[in-house]
Protein chains: 2
Amino acid sequence: MATITDLSPLAPAGGFPNLPPISGVRFATCAVGVKYEGRTDVMLAEVAPGASVAGVFTKSSTRAAPVLDCQDKLGTISDAGKGFAILVNSGNANAFTGRAGTESVSAITGAVAGVLDIPQSHVYTSSTGVIGEPLPHDRITGALNQLKSELDSASLEPAARAIMTTDTFPKGSTQTVQIGGKPVTISGFAKGSGMIAPDMATMLVYIFTDAKLTQPELQSMVSRLNESSFNAITVDSDTSTSDSLLAVATGASGIDVSSSSEFEAALNAVMLDLAHQVVRDGEGASKFVEITVTGAATDTDAKTVAMACANSPLVKTAIAGEDANWGRIVMAVGKSGARADRDLLSISFGDILVADNGWRAPDYSEEAASAYMKNEEIKITVDLGLGNRQFTAWTCDLTHGYISINADYRS
Amino acid sequence: MATITDLSPLAPAGGFPNLPPISGVRFATCAVGVKYEGRTDVMLAEVAPGASVAGVFTKSSTRAAPVLDCQDKLGTISDAGKGFAILVNSGNANAFTGRAGTESVSAITGAVAGVLDIPQSHVYTSSTGVIGEPLPHDRITGALNQLKSELDSASLEPAARAIMTTDTFPKGSTQTVQIGGKPVTISGFAKGSGMIAPDMATMLVYIFTDAKLTQPELQSMVSRLNESSFNAITVDSDTSTSDSLLAVATGASGIDVSSSSEFEAALNAVMLDLAHQVVRDGEGASKFVEITVTGAATDTDAKTVAMACANSPLVKTAIAGEDANWGRIVMAVGKSGARADRDLLSISFGDILVADNGWRAPDYSEEAASAYMKNEEIKITVDLGLGNRQFTAWTCDLTHGYISINADYRS
């Protein structure tokens, strides 16, 4: 039996935000019993004609069938007069299911295309849940007429809930910006980071805006912002076979944002917020940790060092233990493989300089550092002293809760 | 307060082996109170003239001062008529101690050279324990005359005990082979893998043989064998700033083993045995895990996949939970970055084929797989189906014990 996890102590205090509808997108959910009982497990999003759809996906070489299908289709416009659809199921990841997996994707996308009268190449799917078991796709295709009849532009929160697996809270975020005196809105939701075996740690993200952007413009913007948001977070260094982000620009506002820095900033805010919420729901997490590396010789070095710290079990257990153990940061910098000079290294916990120029800081106070580590949000800065490149990563601590969720059961 | 760890359940049943003395090497230990009370914490090994000394070290970019000093000196022969010495202290790693660290190494090596009448460049040191604190090297240099007076060729077990930090058992191994009808002996000992903060997870290994080899021959053999022994084990993916292995060939047997495959096999057996013992003392370990990757396109791919599995928190917690969760192996293969084809992948737990050609094996039995996972030693085989290269890695499971040791204290 899996351990049931209570609401993460790091969950946003305000609960799920009020997500404004996005003109041109409607949602419906239902409970078809893919695996779970007594909860919704299928989400359908219908997108009006004329929209642009972009995506980023896991780089895993063992990607699930729905991911491969999305990657094949992205950027394809079979008929400009027709809309798009996204269908997501929870309870079964349709991963490592061989040819049957591909057939399930084909069956679902074909049926959605038929019911909504759009080309099959305009239908994207994601699946999250148990792996290695055939997806009972008939249960999903059998519910499509009901789903179609219930499509509603206001149903973003039910959509966010239907895609959850072992998340302890649904994750949503929104921004509205004025561009040329007119409002443009972005609303998105995500699931991820609960991993109760035999489920996978899939992260799924769906972002919708009424802004106007071509598909290549949207793809370029999402890919760029992804590097400093979803590709800058980690819970345990493990990567799902199904991680997917889809972004949809319906154009319904009529406002071209292709050269708007305000829009890009707003999209970045939504993506960062959702990424942070995934970390805040990290398995067993009791602290939210921001690690900033400055003074690196290259961008790659900055990210390599930040992720080495963020993934180090010794760094993460020290934070769980509220121990100002900067020696473990030195260790992580050293093992990262990035260019670093021990005698130029400086490390701060919050505003407290703990190590400077390769040794314990002259006025280091163990009491001050230990007091800082009791905070629920911890900021660690590592300056390499070699250049001017920097990177920020986010992670959580490594606690008994993680072990309980992932080891304390028998299948 | 640090958690006190009981003897690892994976410790060798027979206890510390009887290590034969190696002609040309004498050992002494004493308790100088570097940090610990009531136990030995300094080990001196004196090596007769004419020996060859080789070494391999951590690749960390934040290496400790003793490591940098050893690397500078290795292969240097200032006076062929003089011997060598190795001095190791536990309790303080002399790591991240700036210029003071270098000065401590210089003070110790200078004093050892004076007492034993050998060149300073023939003296190697290692330090293991707390980091970031100056090493009180006067306590060590003040004990050198006593150490010299107690040098004894039979004292290998006391030497193995003096270098321990948080190890739950001392680690020793020996092999004797007949070469041309005459015996050649190898005896070695190691410490490593206990990491109770603020200590580091330093792995130190010392191997002695009476075989005859030039320094380049010994270095080449040790570097080669290291790749499939100490560089093939992992406890938590973290790397110490001080990991060091020194190998000494005294030549006292008079037997040239430079082209002896029997000798190389014996040296490999000692190195593998010591490496496995380090894993068996892994923090919180309850299972010893061997992961073999076959069918890889390249050697690098084989090692990358094996280490991705061996370091994955999800794989290691599944093993702790005795869960035959082969989906987590698929995940680890996928995230490794090595060339892999989902639909060619096969996975076995012991002799049980659990996944084959990209899907659950046709006659997979959950009961049989779950029964296998209850063993204390677990063998996992991953066949990539792409070529004929392979690699074997060793690790332990990830348990509550690891979290307790590394997080359940306040500094």
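Procedures and definitions
- Residues numbered from 1 in each chain as written.
- Chains lettered and ligands numbered in written order.
- Predicted model: local features only at pLDDT ≥ 70, side-chain atom pairs only at ≥ 80, totals over all residues.
- Heavy atoms only, no water.
- Helix = DSSP H or I, 4+ residues; strand = E, 2+ residues; numbered from the N terminus.
- Rg over C-alpha atoms; globule rule 2.2 N^0.38 Å.
- Buried < 20%, exposed > 50% of the residue type's maximum accessible area, 1.4 Å probe, protein only.
- Areas by Shrake-Rupley, 256 points an atom, 1.4 Å probe, with all protein chains shown as cover.
- Lys, Arg positive; Asp, Glu negative; His and termini not counted.
- Charge placed at Lys NZ, Arg CZ, Asp CG, Glu CD.
- 1 Å grid on protein atoms, 1.4 Å probe; cavity = no way out; pocket = protein on both sides within 12 Å on 5 of 7 lines; lining within 4 Å.
- Points joined across faces, edges and corners; volume = space filled by probe spheres on them.
- Nonpolar A, V, L, I, M, F, W, Y, C, P; charged D, E, K, R; others polar.
- Pairing = 2+ DSSP bridges.
- Contact = heavy atoms within 4.5 Å.
- Buried area = accessible area lost by both parts, 1.4 Å probe.
- Salt bridge = Lys/Arg side-chain N within 4 Å of Asp/Glu carboxyl O.
- Polar contact = N/O pair within 3.5 Å; in protein donor to acceptor, adjacent residues only side chain to side chain.
- Expected span 1.5 Å × (residues − 1).
- Least-squares fit on C-alpha atoms with pLDDT ≥ 70 in both.
- Phe/Tyr/Trp six-rings, centres within 6.5 Å; stacked < 30°, edge-to-face > 60°.
- Lys NZ or Arg CZ within 6 Å of the ring centre and 35° of its normal.
- Axes fitted to C-alpha atoms, helices over the stretch in contact; angles between N-to-C directions.
- Core = buried A, V, L, I, M, F, W, Y, C linked by side-chain atoms within 4.5 Å.
- Disulfide = S-S within 2.5 Å.

A. Main features of the overall build of chain A. Scanning chain A from N- to C-terminus turns up twelve helices and 15 strands. For 411 residues, the compact-globule formula gives about 22 Å, and the C-alpha radius of gyration of chain A, at 22 Å, lands near that figure. Considered along the principal axes of its C-alpha atoms, chain A spans approximately 70 × 55 × 40 Å. Split into buried and exposed, the 411 residues of chain A put 62% on the buried side. A total accessible area of about 14000 Å² is found for chain A, and carbon and sulfur atoms account for 49% of it. One way to put it: in chain A the 29 positive side-chain charges average out to a point 3 Å from where the 45 negative ones average out.

B. Region of the structure containing empty space enclosed by the protein. Within the structure shown, the criterion is met by four cavities of 30 Å³ or more. By volume, the largest cavity is sized at about 80 Å³. What lines the largest cavity is simply A:V235, A:D236, A:E283, A:N311, A:P313, A:K316, A:C396, A:D397, A:L398, A:Y402 and B:P313. Residue classes in the lining of the largest cavity are distributed as six nonpolar, one polar and four charged.

C. Fine view of the pairing of strand 9 (residues 244–249) of chain A. Residues and elements named next belong to chain A. Summarising burial for strand 9: six of the six residues are buried, a large majority. Both faces of strand 9 are covered, namely the face carrying S244, L246 and V248 and the face carrying L245, A247 and A249. Summarising the sheet, strand 3 (residues 52–57) and strand 9 pair through six bridges and their orientation is antiparallel. The partner of V56 across the bridge, within strand 9, is L245.

D. Inspection of the interface of chain B and chain A at higher detail. Chain B puts 68 residues into the contact, and the matching count from chain A is 68 residues. A combined buried area of about 5400 Å² lies between chain B and chain A, and 58% of that area is made up of carbon and sulfur atoms. The largest per-residue losses of area from chain B upon contact with chain A belong to B:F96, B:R342 and B:W359, which jointly make up 16% of the total buried on that side. Our count for the contact surface shared by chain B and chain A stands at zero salt bridges. Across the contact surface, chain B and chain A share 14 residue pairs in polar contact (both at pLDDT 80 or more). It is helix 10 (residues 326–335) of chain B that provides the largest number of residues to the side of chain B that touches chain A, a total of eight residues.

E. Summary view of helix 8 (residues 299–311) of chain B. All names here are of chain B. For helix 8, which comprises 13 residues, the first-to-last C-alpha distance of 18 Å matches the rise-based estimate of 18 Å (1.5 Å per residue) to within 8%. Residues D301, A302, V305, A306, M307, A308, C309 and A310 constitute the buried set of helix 8. Where helix 8 is buried, its residues meet strand 10 (288–296), helix 9 (313–320), helix 10 and strand 15 (389–396).

F. Quick peek at the relation of the copies chain B and chain A. Rotating chain B by 180° and translating it 0.0 Å along the rotation axis places it on chain A, where the RMSD comes to 0.0 Å. A rotation of that kind, with that shift, is consistent with a two-fold axis. Across chain B, the smallest distance between a C-alpha and the rotation axis is recorded for B:H400, namely 3.0 Å.

G. Here's a closer look at the pattern of salt bridges. Taken as a whole and assessed by the stated rule, the structure comprises 30 salt bridges over all chains. In this structure, the salt-bridge partner of B:K303 is B:E227, at a minimum N-O distance of 3.7 Å. Here B:K303 is found in helix 8, whereas its partner B:E227 is found in helix 6 (residues 215–227), with 76 residues between them in sequence. By relative accessible area, which is 24% here, B:K303 ends up partly exposed. By relative accessible area, B:E227 is classed as partly exposed at 35%. It is possible to trace a salt-bridge network through shared partners that takes in A:D167, A:K171 and A:D281.

H. Unusual backbone geometry, seen in detail. Residue and element names in this part refer to chain A. Although it is not a glycine, E322 adopts a positive phi angle of roughly 55°. Structurally, E322 can be placed in the loop between helix 9 (313–320) and helix 10 (326–335). Residue classification places E322 among the buried positions, given a relative accessible area of 16%.

I. Layout of the packing of aromatic side chains. All names here are of chain A. Inspection of the entire model under this criterion finds ten aromatic pairs over all chains. Both rings, one in F27 and one in F189, keep their centres 5.9 Å apart while their planes meet at 65°; by these two values the pair is edge-to-face. You can see F27 sitting in strand 1 (residues 25–30) and its partner F189 sitting in strand 7 (residues 182–191), a full 162 residues away along the chain. Ring plane angle 35° and centroid distance 6.1 Å describe the contact between F189 and F208, whose orientation is recorded as tilted. A residue pair is termed long-range when its members are at least 10 positions apart, and F189 in strand 7 and F208 in strand 8 (residues 204–209) qualify at 19 residues. Exposure remark for F189: the relative accessible area of 0% places this residue in the buried category. The ring of F169 carries the charged tip of K171 above its face, separated from the ring centre by 4.4 Å. Across from the ring centre of F288, 4.2 Å away, lies the NZ or CZ of R280, which sits over that ring.

J. Main features of the sheet that holds strand 8 of chain A. Residues and elements named next belong to chain A. Strand order in the open sheet formed by five strands is 3-9-8-7-6, and the pairing between neighbours is mixed. Both edges of this open sheet fall to strand 3 and strand 6 (171–179), since each of them pairs with a single strand only. Strand-to-strand, the axes of this sheet are offset by a mean angle of 15°, without reference to chain direction. Judged from the six bridges that link them, strand 8 and strand 9 form a sheet pairing that is parallel. Bridge assignment links Y206 to a residue of strand 9, and that residue is L246. In this fold helix 6 (residues 215–227) packs onto strand 3 and strand 9, with an angle of close to 30° to the strand it touches most, strand 3.

K. Region of interest: the sheet that holds strand 5 (residues 123–130) of chain B. Residues and elements named next belong to chain B. If you trace the four strands from one edge of the open sheet to the other, you get 1-2-4-5, paired in mixed fashion. The outermost strands of the open sheet, each flanked by one partner alone, are strand 1 (25–30) and strand 5. Between one strand axis and the next, the sheet turns by 10° as a mean value, whatever way the strands run. Contacting strand 2 (42–47), strand 4 (84–92) and strand 5, helix 2 (residues 98–116) crosses the sheet at an angle of about 135° to strand 5.

L. Summary view of the nonpolar core. Within the largest apolar cluster, 174 residues are counted, with the highest numbers of intra-cluster contacts made by A:F263, A:F349, B:I207, B:F263 and B:F349. The contact partners of A:F349, leaving out residues within four places of it in the chain, are A:A324, A:N325, A:W326, A:I329, A:V354, A:Y372, A:M373, A:K379 and A:I380.

M. Molecular detail of the environment of B:E262. Residues and elements named next belong to chain B. Within the secondary structure layout, E262 lies in helix 7 (residues 261–280). When its relative accessible area of 46% is taken as the criterion, E262 is described as partly exposed. The sequence separation of E262 and I179 amounts to 83 residues, and the corresponding C-alpha distance is 7.6 Å. Of the polar contacts made by the side chain of E262, one reaches the side chain of S260; its length is 3.3 Å.

N. Seen up close, helix 10 of chain A. Residues and elements named next belong to chain A. Burial runs high along helix 10: nine of the ten residues are buried. Every buried residue belonging to helix 10 is among W326, G327, R328, I329, V330, M331, A332, V333 and G334, and all of these are buried. One or two steps after helix 10, the chain reaches G337, where phi turns positive at roughly 90°.

O. Quick look at the state of the cysteines. Residue and element names in this part refer to chain A. Tallied over the entire structure, the rule returns zero disulfides over all chains. C30 takes part in no disulfide bond, and the closest cysteine sulfur to it belongs to C70, at a distance of 19 Å. The exposure class of C30 is buried, given its relative accessible area of 7%.

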